[in-house]
Every structure is written in C-alpha cells, then in structure tokens.
Amino acid sequence: MAGLQDDISVEHLTFRHNPHVPPSLIDIDIHLPKGSRTVLVGANGAGKSTLLQILAGKHLITGPGAKVFVKGRDVFRDSPEGVTHLGTEWAMNPVVRGDIVVSHFLDSVGGYRHKERRDHLLDILDVDLDWHMHAISDGERRRVQLCMGLMAPWDVLLLDEVTVDLDVQVRDDLLTFLLEDSQARHATILYATHIFDGLDRFPTHVAHMRLGSFVTNPAPWDPAAAATSLYRTALAWLREDREHRRELERSGRKIRGARREQAIPSDSETFYRKYDYSH
C-alpha cells in the first residue's frame, strides 16, 4: 500500500509495446517517498527507460489493475505538474539541431522566467549563450538540454542516461547541484544510469531491474554502512544478470554473442557465391 508521502507509486504494472511482443515490464510495484533520490541499476533492455517514460505519461497503460501515480495523481487521467523527464532522445531531435543561438533557444522555452536559476545552471554546465545549436558537439548540446530541463524548479525529476555525454567535471558539478536542490526543496529524483563512479553519496535508495522486473525493489542506501561502493554493487548485480540470462539461454532462450557452430565456406568460390549480393 502506498505511503501518504510517496511521490512515485506504481502497483501491478505490466506493459507491452504491442500485443505481439513479450512484456517490457512485468508486475512492477514500487513506492518512492518524497525527497528520495533513487538510482536505477540494470543492463540494457532491463526496462528502465520504459518505466521512466510511463512515469512521465509518455506511454498509455491499459492493463487491468495497473496503478501509476506521481505526486498522488494518476499520470494518465490527472497529469501532475512539476514532473520533468530528461532522456537521451532529445539531442537527436532535428529541431534542437537547427541554426538557433542558445540564448534565443532558452528564452523561447521560458528561460527569462527563471533567470537566477538558469544563470546558475549555465555556470555549472559551462554553457556559452552564443553557441549555435547546429554547430556544437553532442556533449555541449546535452548541457543545453539539462539547462533547459532543470531551470524551472521540479518536484519529481526522471533522468534517463542524460550524463553519458558529459565530461567528469561537469557531471560531478551537476550531481552536486541535483543533490543540494533535492535536499533543499525536498524534491524527488529517479535516475537510470550506467555510470556509477562518484555516485556513492548521491542516492537515498538503489534498485535493480532485470528483464522487466525488479530483482531488488528500491532499498535505502547509506554509503557509510554499505559493504562496498555503489560501483561494485552495480557491477555485481550486472554480472548476476548476465549469468541469469545465460541460464535462460541454456534452457532454450535465443543466444547472444558469437555463433561458433556456424559453418563457414572453406573455399572462395562458395564464399563469394553466398555473400555476393550484386546479382
């Protein structure tokens, strides 16, 4: 049962991208308290991005009994305000790759309304207001995205791999800002990442997803009491995930990796007859 102070509450959530494929999420139940900062650990394809997109209201849930609430409101029928979702797909949008000056771009999405906070983020992210969006690197474009997404105060922040393009100094400064902002405003963060260096002090909770399910539901994280670093914890979980998948492969699941039993033509004539697609 959800607590009174839960900012994120999910019950009985199973989700398929279409009826003809296996579910991407299977019977998800999580409750994250207000002010928590949860790091979501899982291999590629574990369902992390799908879960974050659902919490942001980007996928409609039709399954029986499923409940997805953020800030106490149904994300599909009564969309809550103050929820920000930042994912990797933004930087590939052709609109943000056009010839527009960063200062004009930020003003066009309301930067002038949050000038003090916007300016603080511009300093943290080391953004040049005179950059042209079409002429900067992916990492610089990512910094502009983060400034745009974070300059309006948020209550719930859903982050999906958005620090992957940042250099280590900017990433560290950004995480410090997010930690202090969350603490000062009692705001909630759910952060899916594959980069765990320097992250030990950031989360209040950690969670582990595998093949669409939670192996470890969000559990309190205290770096002082932890037996090892978050990096080592995540590495151990991911190794368990790979061994689990290999067990499934031995039981008949489609195998990844090299196909060593595959026959290779032993003479050039046979090889070129098989692989020459010019005719």
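Since the model is a prediction, treat every value here as computed from it, not as a measurement. (Residues numbered from 1 in each chain as written. Predicted model: local features only at pLDDT ≥ 70, side-chain atom pairs only at ≥ 80, totals over all residues. Heavy atoms only, no water.)

Draft legend 1. Structural view of unusual backbone geometry. Its identity as a non-glycine residue notwithstanding, D27 has a phi of 50°, on the positive side. In this fold, D27 is placed in strand 2 (residues 25–33). For E161, which is not glycine, the phi torsion reads 60° and is therefore positive. (Helix = DSSP H or I, 4+ residues; strand = E, 2+ residues; numbered from the N terminus.)

Draft legend 2. Up close: the packing of aromatic side chains. Scanning the model with the defined rule gives one aromatic pair in all. Judged by centre distance (6.0 Å) and plane angle (75°), the ring pair of Y191 and F202 falls under edge-to-face. Within this pair, whereas Y191 is found in strand 8 (residues 188–192), its partner F202 is found in the loop between strand 8 and strand 9 (205–210), the two being separated by 11 residues in sequence. The class of Y191 is buried, set by a relative accessible area of 0%. For F202, a relative accessible area of 4% puts it in the buried group. A cation sits over an aromatic face here: R37 above F202, 6.0 Å from the ring centre. The cationic tip of R185 hangs over the ring face of W154; the distance from NZ or CZ to the ring centre is 4.9 Å. (Phe/Tyr/Trp six-rings, centres within 6.5 Å; stacked < 30°, edge-to-face > 60°. Buried < 20%, exposed > 50% of the residue type's maximum accessible area, 1.4 Å probe, protein only. Lys NZ or Arg CZ within 6 Å of the ring centre and 35° of its normal.)

Draft legend 3. Just the side chain of R171, in detail. Relative to the helices and strands, R171 is located in helix 5 (residues 168–185). No salt bridge is formed by the buried R171; its nearest oppositely charged neighbour, D172, is found at 6.1 Å. The residues touching R171, leaving out its near neighbours within four places in the chain, are T163, L166, Y191, I195, F196, D197 and L199. (Lys, Arg positive; Asp, Glu negative; His and termini not counted. Salt bridge = Lys/Arg side-chain N within 4 Å of Asp/Glu carboxyl O. Contact = heavy atoms within 4.5 Å.)

Draft legend 4. Looking closely at the pattern of salt bridges. Scanning the entire structure with this criterion turns up 16 salt bridges. Note that D119 is salt-bridged to R118, the shortest N-O span being 2.9 Å. Given a relative accessible area of 9%, R118 falls into the buried group. By sharing partners, the salt bridges in this structure join D107, K115, R118 and D119 into a single network.

Draft legend 5. How the structure looks around helix 3 (residues 115–125). What helix 3 keeps buried is the set R117, R118, L121, L122, I124 and L125. In an axial view of helix 3, the angular spread of the buried residues amounts to 165°, which keeps them on one side of the axis. Turned more than 90 degrees from where helix 3 packs its buried face, E116 and D123 sit exposed. Packed against the buried residues of helix 3 are helix 2 (102–108), helix 4 (138–150) and helix 5. (Arc of directions from axis to C-beta.)

Draft legend 6. Layout of the side chain of H85. As for its position among the elements, H85 is in strand 6 (residues 83–86). For H85, a relative accessible area of 16% gives the class buried. When residues no more than four places from it in sequence are discounted, the contact partners of H85 are L52, Q53, A56, K58 and L158.

All we've got here are geometric facts, nothing functional implied.
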